[in-house]
Number of protein chains: 2
Amino acid sequence: MNEDMKFTSLEEIKAAHKRIQPFIHRTPIMKSEAINQIAGCEIFFKCENFQKVGAFKARGAANAVAKLTEEQKKNGVATHSSGNHAAALARAATVAGIKSYIVMPSNAPEIKKKAVKGYGGEIIECEPNLIARETTLQEVVSRTGATFIPPYDYMDVIEGQATCALEMWEEGIEFDAIMAPVGGGGLLGGTALTTKYISPKTKVIGCEPAGADDAFRSFYSRKLIPMEGPKTIADGLLTSLGKTNFQIIMQYVDDILTVSDEEIIEAMRLIYERMKIVIEPSCSVPLAALLKHKKRFKAQKVGIILSGGNVDLGKLPF
Amino acid sequence: MNEDMKFTSLEEIKAAHKRIQPFIHRTPIMKSEAINQIAGCEIFFKCENFQKVGAFKARGAANAVAKLTEEQKKNGVATHSSGNHAAALARAATVAGIKSYIVMPSNAPEIKKKAVKGYGGEIIECEPNLIARETTLQEVVSRTGATFIPPYDYMDVIEGQATCALEMWEEGIEFDAIMAPVGGGGLLGGTALTTKYISPKTKVIGCEPAGADDAFRSFYSRKLIPMEGPKTIADGLLTSLGKTNFQIIMQYVDDILTVSDEEIIEAMRLIYERMKIVIEPSCSVPLAALLKHKKRFKAQKVGIILSGGNVDLGKLPF
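*Asks:* Explain the environment of Lys74(B) residue by residue, including any values.
*Replies:* All names here are of chain B. For Lys-74, the location among the structural elements is in helix H4 (residues 70-74). Judged by local crowding, Lys-74 falls into the partly exposed class, with 13 C-beta atoms found within 10 Å. Through-space distance from the C-alpha of Lys-74 to that of Leu-10 is 30 Å; in sequence the pair is 64 residues apart.

Following this line, the structure appears as structure tokens:
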């Protein structure tokens, strides 16, 4: 691990929050008596499904775009993303009056492609694998001079995602644990930084589908293991953990738990039926993990980040 | 029309709100920039899908139970209902420590039967028609001595439903129009009373599926026409308009609009996709009517009551 890596500070996260506030929603925290009874603890759901573009990714993208120099803004921004970061960057760019080029895998959900176009992004399709994504992105950047804003392995993006936990702490709740899903690690990394700066004793727990468990394996082997051939219904968590994200996670995250797709679907149904809100499958991974390890959280105050609500309604698993 | 009919007053509605406050949620009002752009006006969605038991019916049932005498409470309450009133009354009774007997049609959605049992109600099944419901109910009442709490044609219930609009007006918004779905007419009647007492110039508009348009036909023929063989996806609006409800509607409602099932599904999808909330089909009838008559509401402030969120997730129409 690179011991010299400088992570964003609490002051910088607070500054990022001020910077992006005009462009994002302060999302509500919801509670469900019925789910609390089932879980045996008190859960505070941070509803990033109600966030702009329907996902927490609006935070990181807004922060990264706002920190560009005037010179960089002239040529726009570019990225590759399976979905929510794509829409978030397209929107952040359009709001700032600059261009955005979005490399998307050809099998990305239709609703996410539609969103990117709706927010004014230019889509460049590629084969659905990491190498094709990176090659295509490189071509786009060479051609346009756009600045690459990575979906998660990028401190300005992590700093933006860290503002989500900041809002949770501003509610004055003394969380015993905060749980977030982990894919690339932007949300989990940001959540861990904010939380450990504010309350070192609070457990920060990453939650991952068993079918895309590279963060789990990396965490316990203490070396970054990329994900190959991920397979899970949680389409927002298919990506491999980023390098910076891994370093933050090794230093600030307490544990990573994995759950099966069946457990994810069960938790997802519970959220739809009991909370009457629309979430994407990735969101229900933390609740699934909590229900799998009820004893561990007994009578605690647990924060769960519901990361987004962009789901193909025609493909709900129930 | 019976000119002597005494409707509940604004003071009584306010007293009902105080009476039921410990037992219900004050539900949030949500807005969607995306839907406002499509509609060309400013819409305030009152989210009764987040209400206890997942529907506004919690209000009327709580009020009716709270107003029972100690003598009446001994034998419990009974009703017939295709769904939400059933769950609402079962819960209100259990919270008050009394018994409830619920006559339900055999084809009622599974999720609604499960809810009634979960809230402690005793279900008595009957054939899915009004005559069977009423006969079965009569038997239950004779056998148990329970007090019949009708789902909508009952002033204590209407008074409870009227508290929903009261909360909307307490937000300080100057609504040009308030729209609510109409089935039996409890919600629309209560909404009309509260609204016209507080702001006579605000239009109150009932919204109905074309496949169950008895309120529309009754309103324009000025006589109560019962619904026969209703057919619509909006399963909460299959019932015929009640007598008391009809009288309130003739006196206080400005118009009734009808929409096709296709229009209902389109509006429902818009709410799921853009607002990320779960609603039942009946809820999307007012938005469908607004989108069908955009010109009429141009640039206005419109309140829409989203009546409930109890939907069979396996049977979503998209």
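*Asks:* Explain the pairing of strand E7 (residues 177-181) of chain A residue by residue, including any values.
*Replies:* All names here are of chain A. Among the 5 residues that make up E7, 5 are buried, leaving the element largely enclosed by the rest of the structure. Burial along E7 is two-sided: the residues Ala-177, Met-179 and Pro-181 and Ile-178 and Ala-180 are all buried. Here 5 bridges tie E7 to strand E8 (residues 203-209), and the two strands are oriented parallel to one another. Looking across to E8, one finds that Ala-177 is bridged to Lys-203. For the handedness criterion, the β-α-β arrangement of E7, helix H9 (residues 186-198) and E8 is classed as right-handed. Of the pairings in the sheet, the one linking E7 to strand E10 (residues 301-306) comprises 3 bridges and is parallel in character. When the bridges of E10 are listed, Ile-178 appears paired with Gly-303.

*Asks:* Give a detailed account of H9(A), specifying residues and quantitative values.
*Replies:* Side chains three or four residues apart in an α-helix point the same way, a direct result of the helix having 3.6 residues per turn. For H9(A), which comprises 13 residues, the first-to-last C-alpha distance of 18 Å matches the rise-based estimate of 18 Å (1.5 Å per residue) to within 8%. Of all 13 residues making up H9(A), 12 are buried, and the element is well covered by its neighbours.

*Asks:* An account of the environment of Leu306(B) is requested, with residue identities and associated values reported.
*Replies:* Residues and elements named next belong to chain B. With respect to the secondary-structure elements, Leu-306 resides in strand E10 (residues 301-306). Residue Leu-306 is classed as buried on the basis of its 30 C-beta neighbours within 10 Å. Note: C-alpha distance between Leu-306 and Phe-50 (256 residues apart in sequence) is 9.3 Å. If sequence neighbours within four positions are ignored, Leu-306 has contacts with Phe-45, Lys-46, Cys-47, Glu-48, Asn-49, Ile-279 and Cys-283.

*Asks:* Can you explain the sheet that holds strand E2 (residues 42-47) of chain A? Please cite residues and give values.
*Replies:* Residues and elements named next belong to chain A. Taken together, 6 strands build an open sheet; the order of strands is E1-E2-E10-E7-E8-E9 and the sheet is mixed. Two strands in the sheet have a free side with no partner beyond their single neighbour: strand E1 (29-30) and strand E9 (255-259). In this sheet, E2 lies alongside E1 in antiparallel orientation, the contact comprising 2 bridges. Looking at the pairing, Ile-29 lines up with Lys-46 of E2.

*Asks:* Describe the relation of the copies chain B and chain A, and please don't skip the residues or the numbers.
*Replies:* With an RMSD of 0.0 Å, the operation that places chain B on chain A is a rotation of 180° combined with a shift of 0.0 Å along the axis. Within this description, the copies of the chain are treated as partners about a two-fold rotation axis. In terms of proximity to the rotation axis, the leading residue of chain B is Ile277(B), whose C-alpha is 2.0 Å off the axis. When the interface residues of chain B are mapped onto chain A, 100% of them are again interface residues, pointing to one common binding face.

*Asks:* Go over the pairing of E9(A) with me, naming the residues and quoting the values.
*Replies:* All names here are of chain A. Counting buried positions along E9 gives 4 out of 5 residues, so the element sits mostly inside the fold. One ladder, built from 5 bridges, connects E8 with E9; its direction is parallel. Looking at E9, one finds that Ile-205 is bridged to Asp-255.

*Asks:* Could you give me a rundown of the domain arrangement of chain A, with the residues and numbers involved?
*Replies:* Reports often express the size of an interface as the amount of accessible area lost when the parts come together. All names here are of chain A. In terms of domains, chain A is made up of domain 1 (10-56 + 154-315) and domain 2 (58-148). In this structure, domain 1 and domain 2 have C-alpha centres spaced 23 Å apart. Taken together, the elements giving at least two residues each to the side of domain 1 that touches domain 2 come down to helix H1 (10-20) and helix H8 (155-169). Among the elements that make up the side of domain 1 that touches domain 2, the one with the highest residue count is H8 (8 residues). Class assignment of the residues belonging to the side of domain 1 that touches domain 2 gives a composition of 12 nonpolar, 9 polar and 6 charged.

*Asks:* Hey, could you go over the interface of chain B and chain A for me, with residue numbers and the actual values?
*Replies:* Contact residues are listed per partner, giving 14 residues for chain B and 14 residues for chain A. Across the side of chain B that touches chain A, the residue classes break down as 7 nonpolar, 4 polar and 3 charged.

*Asks:* Before we move on, could you go through the sheet that holds strand E3 (residues 77-80) of chain A and cite the residues and values that matter?
*Replies:* All names here are of chain A. Taken in spatial order, the 4 strands line up as E5-E4-E3-E6 in an open sheet, and their pairing is parallel. Looking at which strands have only one partner, the edges of the open sheet turn out to be strand E5 (122-126) and strand E6 (147-148). One ladder, built from 5 bridges, connects strand E4 (residues 100-105) with E5; its direction is parallel. Within E5, the residue paired with Tyr-101 across the bridge is Glu-122. Contacting E3 and E4, helix H5 (residues 84-95) runs over the sheet at an angle of about 170° to E4.

*Asks:* If you had to explain the nonpolar core to someone new, which residues and values would you point to?
*Replies:* If you look at soluble globular proteins, the nonpolar side chains tend to sit buried side by side. Residues Leu89(A), Met179(A), Leu89(B) and Met179(B) are the most contacted members of the largest nonpolar core, which totals 205 residues. Ignoring anything within four residues of it in the chain, the contact list for Leu89(A) reads Ala61(A), Val77(A), Thr79(A), Ser100(A), Ile102(A) and Ile149(A).

*Asks:* A description of the packing of H5(A) against helix H6 (residues 110-118) of chain A should follow, citing residues and the corresponding values.
*Replies:* Residue and element names in this part refer to chain A. Contact geometry of H5 with H6 gives a least axis separation of 8 Å together with a crossing angle of 10°. Between H5 and H6, the interaxial angle falls into the category roughly parallel. Residue-level inspection shows Ala-86, Ala-87 and Ala-90 of H5 in contact with H6, the latter providing Lys-112, Ala-115 and Val-116. Of the residues belonging to the contact of H5 with H6, the class tally is 5 nonpolar, no polar and 1 charged.

Criteria and thresholds
- Residues numbered from 1 in each chain as written.
- Chains lettered and ligands numbered in written order.
- Predicted model: local features only at pLDDT ≥ 70, side-chain atom pairs only at ≥ 80, totals over all residues.
- Helix = DSSP H or I, 4+ residues; strand = E, 2+ residues; numbered from the N terminus.
- Buried ≥ 20, exposed ≤ 12 C-beta atoms within 10 Å, placed from the backbone.
- Pairing = 2+ DSSP bridges.
- Right-handed = clockwise from strand over helix to strand, strands pointing away.
- Expected span 1.5 Å × (residues − 1).
- Contact = placed C-beta atoms within 7 Å.
- Least-squares fit on C-alpha atoms with pLDDT ≥ 70 in both.
- Domains from an automatic or database assignment.
- Nonpolar A, V, L, I, M, F, W, Y, C, P; charged D, E, K, R; others polar.
- Axes fitted to C-alpha atoms, helices over the stretch in contact; angles between N-to-C directions.
- Core = buried A, V, L, I, M, F, W, Y, C linked by C-beta atoms within 7 Å.
- Parallel < 35°, antiparallel > 145°, perpendicular 65-115°, else oblique.

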